[in-house]
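# Understanding the architecture of this molecule
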Amino acid sequence: MKYIKKKLIIDKVKIEDIARKFNTPTYCYSYAQLKKNISDFKKNFKSFSPLICFAIKSNTNLNLIREIQKFGLGADVVSMGELMMALKAGINPKKIVFSGVGKTSKEISYAIDKKILLINAESKSEINEIDRIAKIKKKKVQIGIRLNPNTDAKTLSQISTGKKENKFGVNEKEFLKLISYCQNSKNINLECLSVHIGSQILDHKPYEKMLNVVDKIIVKTKHKFKFIDIGGGMGISYEKGSKKLNYRKYNIAIKKFLKRHSTKIIFEPGRSIVGDVGYLISKVIYIKENEKKNFIILDAAMNDLMRPALYGANHKTLPSIKRSRISKKTYEFVGPICESTDKFTSLKKFQKLYEKDIVVMCDVGAYGMSLSSNYNLRPKPVELLIKGSKIRVIKKRQKHSDLM
Ligand SMILES: *Cc1c(COP(=O)(O)O)cnc(C)c1O
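What this report covers is the structure whose coordinates are included nearby. Everything numeric here is computed off the predicted structure, so don't read it as measured data. (Residues numbered from 1 in each chain as written. Predicted model: local features only at pLDDT ≥ 70, side-chain atom pairs only at ≥ 80, totals over all residues. Heavy atoms only, no water.)

### Section: helix 8 (residues 205-221)
Cut-off, in case you're wondering: Under the DSSP-based scheme used, a helix requires at least four consecutive residues in state H or I and a strand at least two consecutive residues in state E, with every element numbered from the N terminus. To estimate the expected span of a helix, count its residues, drop one, and scale the result by 1.5 Å. The cut-offs for exposure are 20% and 50% of the maximum accessible area for each residue type, with area from a 1.4 Å probe on protein chains only; residues under the lower value are buried, those over the upper are exposed, and the others partly exposed. Contact criterion: two residues are considered in contact whenever any of their non-hydrogen atoms come within 4.5 Å of each other.
Taking 1.5 Å of rise per residue, 17 residues should cover 24 Å, and helix 8 covers 25 Å from first to last C-alpha, within 8% of that figure. Turning to helix 8, its buried residues are Pro206, Tyr207, Met210, Leu211, Val214, Asp215, Ile217, Ile218 and Thr221. Packed against the buried residues of helix 8 are helix 7 (172-183), strand 10 (188-194), strand 11 (227-229) and helix 9 (247-260). Positive backbone phi, at 55 degrees, marks Lys222, one or two positions downstream of helix 8.

As structure tokens, then:
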């Protein structure tokens, strides 16, 4: 994404043209960026060729997942719906792992029928349930157990998952007990230890700590794990010039771990694959100057992009046409929804905006559309895939009639 002759473009397409042709709000994704992210990710960990399972929950668009599948990635799913979507996108079941604290019997049964690589269980009760269903089906099921390593990921508390107060996984003591339970079961094959300590992690040290915890536990169990699934969570830089995760150091830590344990590494990245691939294009409906604050009222709202309302996230916001006039006032960028949390960002010394101007929110490819809703009975935006100068509709805009 860059400005050419003061006009913002993605790959070879002008934002203005997209807005005119497809209306707003509109999500679009850059194929070139997606390709680059996947190839960079593979390069970073080339020496041990991990299985990379894309975390479907970060972006559930069928056509986008199809593109990801073509690069050979598997999937990490957290519901039956996501598992069905991954399979529909052509992902090999032997590259699919199923995570989540509350898998229902129906979901477990479906996963067993589809012969996926691993069901990563998160409690004793869940393992009992997998065992029970596998026995009825007369099948042997490959599972993992998710360990809660009690490691602080040093990220937002809302997206931290690896501390002992979090609901995810089991603690070390329980983990050791569950291993002997699994070893005694005829219908369960314990193949994997899994961990996922959180999201938007920018410091490699929590990962190092987590690997140390995993290392110690494996030694204690004396169990041979075919896979170690170390989850996702790699952070991206949302703000210009902000810190980046040091992949080189993370890679070194994993290689050190692999010297002590010969096993296949699984990753479950979501945000780092699709985060900076997506843009949300929106139009200024009104500009309103109140006594205390000034507002840019957009046609996109928290139902289209919930991260700011949910986590206080801030997305880089750019005008589609660059002008030299700068406004001295501070403007809050808000949506039309009847909630005070329906705001995106607050900017001062932004260029002077006018009603009907187009603005773009960046880095919305992960947890953007997938968290969207129909709140206020607003139809969901269209999704576009940009490949060079070609624009492809990969999901149609919802119509009001779809909602009635
Ligand atoms: C959400 C989630 C991921 C993906 O996290 P990112 O921060 O998007 O990389 C991976 N694994 C599990 C178990 C998750 O819940």
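### Remarks on the sheet that holds strand 3 (residues 13-14)
Keep this limit in mind: Note on pairing: two strands pair once DSSP finds at least 2 bridges between them.
An order of 1-2-3 is seen for the three strands of this open sheet, with the pairing classed as antiparallel. Strands with a single pairing partner mark the edges of an open sheet, and in this sheet they are strand 1 (2-4) and strand 3. Of the strand pairs in this sheet, strand 2 (residues 7-10) and strand 3 are connected by two bridges, and their pairing is antiparallel. Bridging from a neighbouring strand, Ile10 pairs with Val13 of strand 3.

### Here's the deal with the pattern of salt bridges
Condition: We count a salt bridge whenever a side-chain nitrogen from Lys or Arg sits within 4 Å of a carboxyl oxygen from Asp or Glu.
Counted by the stated rule, this structure contains 17 salt bridges. Between Arg260 and Asp215 there is a salt bridge, with its nearest N and O atoms 2.9 Å apart. Of the two residues, Arg260 is situated in helix 9 and Asp215 in helix 8; the sequence distance between them amounts to 45 residues. Of the residues examined, Asp215 reaches a relative accessible area of 11% and is grouped as buried. The structure contains a network of salt bridges with shared partners spanning Glu67, Lys70 and Arg392.

### Quick look at the packing of aromatic side chains
The cut-off we apply is this: Paired rings are identified among Phe, Tyr and Trp, the last through its six-membered ring, by centres lying within 6.5 Å, and are further divided according to the angle between planes into stacked (under 30 degrees), edge-to-face (over 60) and tilted (the rest). As a reminder, the over-ring test applies to NZ of lysine and CZ of arginine, requiring each to be within 6 Å of the ring centre and within 35 degrees of the ring normal.
Going through the model one piece at a time under the given rule, you end up with 14 aromatic pairs. Relative to Phe267, the ring of Phe45 lies with its centre 4.5 Å away and its plane at 40 degrees, an arrangement referred to as tilted. Here Phe45, found in the loop between helix 2 (31-44) and strand 5 (51-55), pairs with Phe267, found in strand 12 (residues 264-267); they are 222 residues apart in sequence, far enough to count as distant. Using a relative accessible area of 0% as the deciding quantity, one classes Phe45 as buried. Within the aromatic cluster, the residues linked to one another by ring pairs are Phe41, Phe45, Phe48, Tyr207, Tyr247, Tyr250 and Phe267. Lys103 extends its terminal NZ or CZ atom over the ring of Phe98, reaching a point 5.6 Å from the ring centre. A cation over an aromatic ring shows up here: Lys352 above the ring of Tyr354, its NZ or CZ 5.6 Å from the ring centre.

### Here's the deal with helix 9
Definition in use: When we speak of the arc, we mean the arc of directions from the helix axis to the C-beta atoms. Distance and chemistry together define a polar contact, namely a pair of N or O atoms within 3.5 Å, with one atom able to donate a hydrogen and the other to accept it when in protein, and with adjacent residues in sequence counting only for side-chain atoms on both sides.
Over its 14 residues, helix 9 runs 20 Å from end to end, which matches the ideal 20 Å to within 8%, given 1.5 Å per residue. Residues Tyr247, Tyr250, Asn251, Ala253, Ile254, Phe257 and Leu258 constitute the buried set of helix 9. Seen from one end, helix 9 has its buried residues packed into an arc of 160 degrees, which puts them on one side. Helix 9 presents Arg248, Lys256, Lys259 and Arg260 as exposed residues on the side facing more than 90 degrees away from its buried surface. For helix 9, the elements touching its buried residues are helix 2, helix 8, strand 11, strand 12 and helix 10 (271-274). Its side-chain oxygen 3.1 Å from the backbone nitrogen of Arg248, Asn246 forms the N-cap of helix 9.

### Looking at the sheet that holds strand 8 (residues 118-121)
In plain terms, the rule: Comment: axis = line fitted to C-alpha atoms, over the contacting stretch for helices; angle = value between 0 and 180 degrees taken between N-to-C directions.
One closed barrel holds the eight strands; their spatial order is 5-6-7-8-9-10-11-12, and the pairing between them is parallel. Strand after strand, the sheet turns through a mean of 30 degrees between neighbouring axes, direction not considered. Of the pairings in the sheet, the one linking strand 5 to strand 6 (residues 74-77) comprises three bridges and is parallel in character. Among the inter-strand pairings, Phe54 is bridged to a residue of strand 6, identified as Ala75. Of the strands in this sheet, strand 7 (96-98), strand 8 and strand 9 (141-146) are in contact with helix 5 (residues 105-113), which crosses strand 8 at around 150 degrees. Contacting strand 8, strand 9 and strand 10, helix 6 (residues 124-137) runs over the sheet at an angle of about 145 degrees to strand 8.

### Thoughts on the environment of Gly102
With respect to the helices and strands, the residue Gly102 is situated in the loop between strand 7 and helix 5. Residue class for Gly102 comes out exposed when judged on its relative accessible area of 53%. Separated by 262 residues in sequence, Gly102 and Val364 have C-alpha atoms that sit 27 Å apart.

### Details of a positive patch on the surface
Under the convention used in this document: Any residue with relative accessible area above 30% and no salt bridge may belong to a patch, with like charges joined within 9 Å and the nonpolar Val, Leu, Ile, Met, Phe, Trp and Tyr side chains within 5 Å. For the area figures, the Shrake-Rupley method with a 1.4 Å probe applies, and any residue is considered shielded solely by the protein chains shown. The positive count covers Lys and Arg only, the negative count covers Asp and Glu only, and His and the chain ends enter neither. A charged residue contributes its charge at one atom only: NZ of Lys, CZ of Arg, CG of Asp or CD of Glu.
A cluster of like positive charges, contributed by Lys154, Lys205, Lys209, Lys243, Arg248 and Lys249, occupies part of the molecular surface. Mapped by element, the contributors of at least two residues to the positive patch are helix 8 and helix 9. Secondary-structure assignment places Lys205 in helix 8.

### Notes on the nonpolar core
What counts is decided by this rule: Here, the term nonpolar core denotes a set of buried Ala, Val, Leu, Ile, Met, Phe, Trp, Tyr and Cys residues that are joined through side-chain atoms within 4.5 Å. Throughout the structure description, domain borders are defined by an automatic or database domain assignment.
Membership of the largest hydrophobic core comes to 93 residues, with the highest contact counts inside it found for Leu193, Ile230, Tyr250, Ile254 and Phe267. Counting the residues that make up this core, at least three belong to each of domain 1 (2-29 + 275-403) and domain 2 (31-273). Among residues more than four places away in sequence, those in contact with Leu193 are Ile145, Leu147, Phe175, Val214, Ile217, Ile218, Phe225, Phe227, Ile228 and Asp229. In this structure, Val13, Ile18, Cys28 and Tyr279 belong to the second largest nonpolar core, which totals 16 residues.

### Considering the site of the ligand
Quick reminder of the rule: The criterion for a residue being near a molecule or strand is simple. One of its heavy atoms has to lie within 4 Å of it. Throughout this entry, Asp, Glu, Lys and Arg are counted as charged residues, while Ala, Val, Leu, Ile, Met, Phe, Trp, Tyr, Cys and Pro are counted as nonpolar. The remaining residues, Gly among them, count as polar.
The immediate surroundings of the ligand are formed by 14 residues, with Lys57, Ser199, Gly233, Glu268 and Tyr367 found nearest. At 3.5 Å, a side-chain N or O of His196 approaches a nitrogen atom of the ligand. Between an oxygen atom of the ligand and a side-chain N or O atom of Ser199, the distance comes to 2.3 Å. Considering the ligand on its own, with 390 Å² of exposed area, one finds that the protein chains cover 94% of that surface. Residues belonging to the shell around the ligand are distributed by class as follows: three nonpolar, six polar and five charged.

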